[in-house]
Amino acid sequence: MTIKLTPETEERLISSIQRYFDVNMDDGIGDLKAKLLLDFCVKELGPSIYNQAILDAQSAMQDKVAELDVSCYEAEFSYWGKK
């Protein structure tokens, strides 16, 4: 699955990369270099981060599904037990 960013998200990320370089590096970074760095990160790091997020979501959902029998349980045939 290819990770595709919206143009708005890409623009904000490029600005964030440029700000990071301005604050933490000796030299700033231009639009083209920031875009190339972003493209590299999305292609190289993105799949690992995405896959881990899916595993985390799967685990959280499995925990919720496992709790269904407790949280959604209703006692059966309880009419005659009432007084």
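Look up a bit, the structure's there.
Predicted model, so just to flag it, every value in this text is computed and none were measured. (Residues numbered from 1 in each chain as written. Predicted model: local features only at pLDDT ≥ 70, side-chain atom pairs only at ≥ 80, totals over all residues. Heavy atoms only, no water.)

**Q** Account for a nonpolar patch on the surface, naming residues and giving values.
**A** A cluster of nonpolar residues, Met1, Ile3, Tyr50 and Ile54, forms a patch on the protein surface that exposes about 420 Å² of accessible area. Along the chain, Met1 turns up in the segment before α1 (7–24). On the basis of relative accessibility, which here comes to 84%, the residue Met1 falls in the exposed class. (Patch = residues over 30% accessible without salt bridge, like charges linked within 9 Å, V, L, I, M, F, W, Y side chains within 5 Å. Areas by Shrake-Rupley, 256 points an atom, 1.4 Å probe, with all protein chains shown as cover. Salt bridge = Lys/Arg side-chain N within 4 Å of Asp/Glu carboxyl O. Helix = DSSP H or I, 4+ residues; strand = E, 2+ residues; numbered from the N terminus. Buried < 20%, exposed > 50% of the residue type's maximum accessible area, 1.4 Å probe, protein only.)

**Q** Pulling in residues and values, what's your account of the nonpolar core?
**A** Of all hydrophobic cores here, the largest spans six residues; its members are Ile14, Ile17, Ile29, Ala34, Leu38 and Val42. Put simply, the parts of the chain that give this core at least two residues each are α1 and α2 (31–44). With three residues, the top contributor of residues to this core is α2. Once residues within four sequence positions are removed from consideration, Ala34 is found in contact with Ile14, Ile17, Gln18 and Ile29. (Core = buried A, V, L, I, M, F, W, Y, C linked by side-chain atoms within 4.5 Å. Contact = heavy atoms within 4.5 Å.)

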